[in-house]
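Chains, contacts and geometry: an overview
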Amino acid sequence: MSNLLKIIKTVGSLPGVLEPNGLYFVKETDGTYTYLANSSGTDAVKLTANSIKPNETQVVACSGEKALLALETSVVTFRVVGNKTLLSVRASLTEGPVGSGVTLDIKKNGVSVLSPKLTIDATKKTSVGSISNAGVITSNFSDDSEITIDITQIGSSTPGKGLKVYLTWSGV
């Protein structure tokens, strides 16, 4: 299995021939640094705090915890800080809708980034496992892009309460 990461012992310098996917701890004069060899073993990169960028999930409150939802365009508007890639979206409620589901749209600079839209099925409190899973069709966001969230459908008997949207980003 060549895709497995192989941890190599601490060394004084990188060897001339690298182990594919090898992780090297190299003692240098100002400390010990970590290097990661590529899958062919032809090169290695020094890992720094800036080279490892974990995914980040941003939670956006779109209503009060006890407030009944209403159909609304741009229920919340905010701006992206830095260049990012949108990986996934989900939503939750403190009280699920009755009669029909809740549907949301997320827009970048006025244009939808989802197909299909984000839904929470009737009587549910989360979009996870919904009949129609939202798909991100526009994922690259540049610094200062404007994001708006629209509530395009609410429960027909009981609209739902406490809407939150979760945006998972990479490149943060």
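Presented here is an overview of the structure given in this document.

Scoring rules and cut-offs
Residues numbered from 1 in each chain as written. Predicted model: local features only at pLDDT ≥ 70, side-chain atom pairs only at ≥ 80, totals over all residues. Heavy atoms only, no water. Helix = DSSP H or I, 4+ residues; strand = E, 2+ residues; numbered from the N terminus. Rg over C-alpha atoms; globule rule 2.2 N^0.38 Å. Contact = heavy atoms within 4.5 Å. Areas by Shrake-Rupley, 256 points an atom, 1.4 Å probe, with all protein chains shown as cover. Lys, Arg positive; Asp, Glu negative; His and termini not counted. Charge placed at Lys NZ, Arg CZ, Asp CG, Glu CD. Pairing = 2+ DSSP bridges. Polar contact = N/O pair within 3.5 Å; in protein donor to acceptor, adjacent residues only side chain to side chain. Buried < 20%, exposed > 50% of the residue type's maximum accessible area, 1.4 Å probe, protein only.

**Some points on the overall build of the protein chain**
When helices and strands are tallied, the protein chain shows 0 helices and 13 strands. When the helices and strands of the protein chain are placed in sequence order, the string is β-β-β-β-β-β-β-β-β-β-β-β-β. Computed over the C-alpha atoms, the radius of gyration of the protein chain is 22 Å, more than 25% above the 16 Å expected from 2.2 N^0.38 for a compact globule of 172 residues. Projected onto its principal axes, the C-alpha coordinates of the protein chain cover approximately 70 × 35 × 25 Å. Taking contacts inside the protein chain between residues at least 6 apart in sequence as the whole, the part at least 24 apart equals 63%. Surface exposure of the protein chain reaches about 9,500 Å², of which carbon and sulfur atoms provide 53%. Looking at charge distribution, the protein chain has the averaged site of its 16 positive side-chain charges lying 5 Å from that of its 14 negative ones.

**With respect to the sheet that holds strand β11 (residues 140–141)**
What links the strands of a sheet is backbone hydrogen bonding, and the strands pair in either a parallel or an antiparallel sense. In space, the 4 strands of this open sheet follow the order β5-β13-β7-β11, with antiparallel pairing throughout. Edge positions in the sheet fall to β5 (56–61) and β11, since each of these pairs with one other strand and no more. Bridge analysis of β5 against strand β13 (residues 164–170) gives 6 bridges, and the strand direction is antiparallel. Within β13, the position partnered with Glu-56 by the bridge is Trp-169.

**Let's talk about the side chain of Ser-112**
Inspection of the secondary structure puts Ser-112 in strand β9 (residues 111–112). Within the structure, Ser-112 has its side chain in polar contact with the side chain of Asp-105 (distance 2.7 Å). Among the polar contacts listed, one links the side chain of Ser-112 to the side chain of Lys-117, at a separation of 3.0 Å. Not counting the four nearest positions on each side in its chain, Ser-112 is found in contact with Asp-105, Ile-106, Lys-107, Lys-117, Ile-137 and Thr-138.

**Some thoughts on unusual backbone geometry**
Note the cis peptide between Ser-115 and Pro-116, where omega equals -5°. Mapped onto the secondary structure, Pro-116 falls in the loop between β9 and β10 (118–120). Phi angles above zero are rare outside glycine, and Asn-21 is one such case at about 60°. Relative to the assigned elements, Asn-21 resides in the loop between β1 (6–11) and β2 (22–28). Look at Asn-21 and you get buried, because its relative accessible area is 12%. Positive phi, normally seen in glycine, also occurs at Ser-74, with a value near 55°. Residue placement: Ser-74 occurs in strand β6 (residues 72–79). What makes Ser-74 partly exposed here is its relative accessible area of 31%.

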